[in-house]
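Structural features, examined
So you can see what is in the structure, the chains are spelled out below.
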Amino acid sequence: MTTRRASRVRTWLIWTAGFLAFPIAGLAGAGVAGRLDDPTAALLGGAVTGLVIGAGQTLAGRGRLDIRRWVPATGIGMALGLLLGAITVDYDTSLGDLALMGALTGLVLGPAQALALPRGTRMRWLWAAAMPALWALGWTTTTLGGIAVDKQFMVFGAYGAVTVSALSGLLLLVLLPEPTPAEITAPAPAQAHT
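Residues numbered from 1 in each chain as written. Predicted model: local features only at pLDDT ≥ 70, side-chain atom pairs only at ≥ 80, totals over all residues. Heavy atoms only, no water.

Remarks on the layout of surface pockets
Volume-wise, the second largest pocket comes out at about 240 Å³. Considered class by class, the residues forming the lining of the second largest pocket number nine nonpolar, four polar and two charged. (1 Å grid on protein atoms, 1.4 Å probe; cavity = no way out; pocket = protein on both sides within 12 Å on 5 of 7 lines; lining within 4 Å. Points joined across faces, edges and corners; volume = space filled by probe spheres on them. Nonpolar A, V, L, I, M, F, W, Y, C, P; charged D, E, K, R; others polar.)

Have a look at this one:
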């Protein structure tokens, strides 16, 4: 029992450490699309940001997420969600606007990622339901932390990323069955095409 608990804590800590993907993703998105100030920047910057976040989360997931499904789902969900959110708030950066933008981003991103969760995931709809609140909280935490959000970033900063990663990691512990040591070290099985 103690070993299982230690394994779950380690899994959660590694997922939480994956918060580092968020600032890297934000830099990548800004490098490709510039500031989040028009629909093209939202769509293109959101896609790049989402792809990098998805890759980071896959690494932090230690074999629990299929990179072939999770990364594209995160890229598409982030692009469309950020486009919806940014247009809705007219690219404004007040606390309320960013929280709303985050909620709308999560409203699209959550279901996309929920569909990419592995087979056997319990209550995957909880992931979809949680993402709007978590992404709103991510932007709120970043804004209250004094980050210069008026620079129109693609994604919240490290404060928000730690918050979202820690809370989503707890949710993953509930939703995903614990992998066996063999599953952690084995490559993902190829899926047959039908």
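Following the structure, the description resumes.
Focus on the confidence of the model for the chain
On average, residues of the chain score 91 in pLDDT, and 90% of them reach the 70 mark or higher. When mean pLDDT is compared element by element in the chain, helix α4 (residues 67-88) scores highest at 98, while helix α8 (residues 181-185) scores lowest at 53. (pLDDT = per-residue confidence, 0-100. Helix = DSSP H or I, 4+ residues; strand = E, 2+ residues; numbered from the N terminus.)

Notes on the packing of helix α5 (residues 95-116) against helix α6 (residues 125-144)
Contact geometry for α5 and α6: axes closest at 6 Å, N-to-C directions at 150°. Helix-helix and strand crossings are classified by hand; for α5 and α6 the assignment is right-handed. Each residue belonging to the contact of α5 with α6 can be placed in one class, and the counts come to 17 nonpolar, seven polar and no charged. (Axes fitted to C-alpha atoms, helices over the stretch in contact; angles between N-to-C directions. Left-handed = near helix turned anticlockwise from the far one by under 90°.)

Description of the packing of aromatic side chains
For the structure on display, the rule yields five aromatic pairs. Ring centres 5.5 Å apart and planes at 20° place the aromatic pair F22 and F156 in the stacked group. Pair noted here: F22 is in helix α2 (residues 21-33) and F156 is in the loop between α6 and α7 (158-175), with a separation of 134 residues, a long-range link. Taking 5.9 Å as the distance between ring centres and 65° as the angle between the ring planes, the aromatic pair formed by W70 and W127 counts as edge-to-face. Within this pair, whereas W70 is found in helix α4, its partner W127 is found in helix α6, the two being separated by 57 residues in sequence. Taking the relative accessible area as the measure of exposure, W70 reaches 0% and is therefore buried. Cluster of aromatic residues (ring-pair linked, three or more members): F22, W135, W139 and F156. (Phe/Tyr/Trp six-rings, centres within 6.5 Å; stacked < 30°, edge-to-face > 60°. Buried < 20%, exposed > 50% of the residue type's maximum accessible area, 1.4 Å probe, protein only.)

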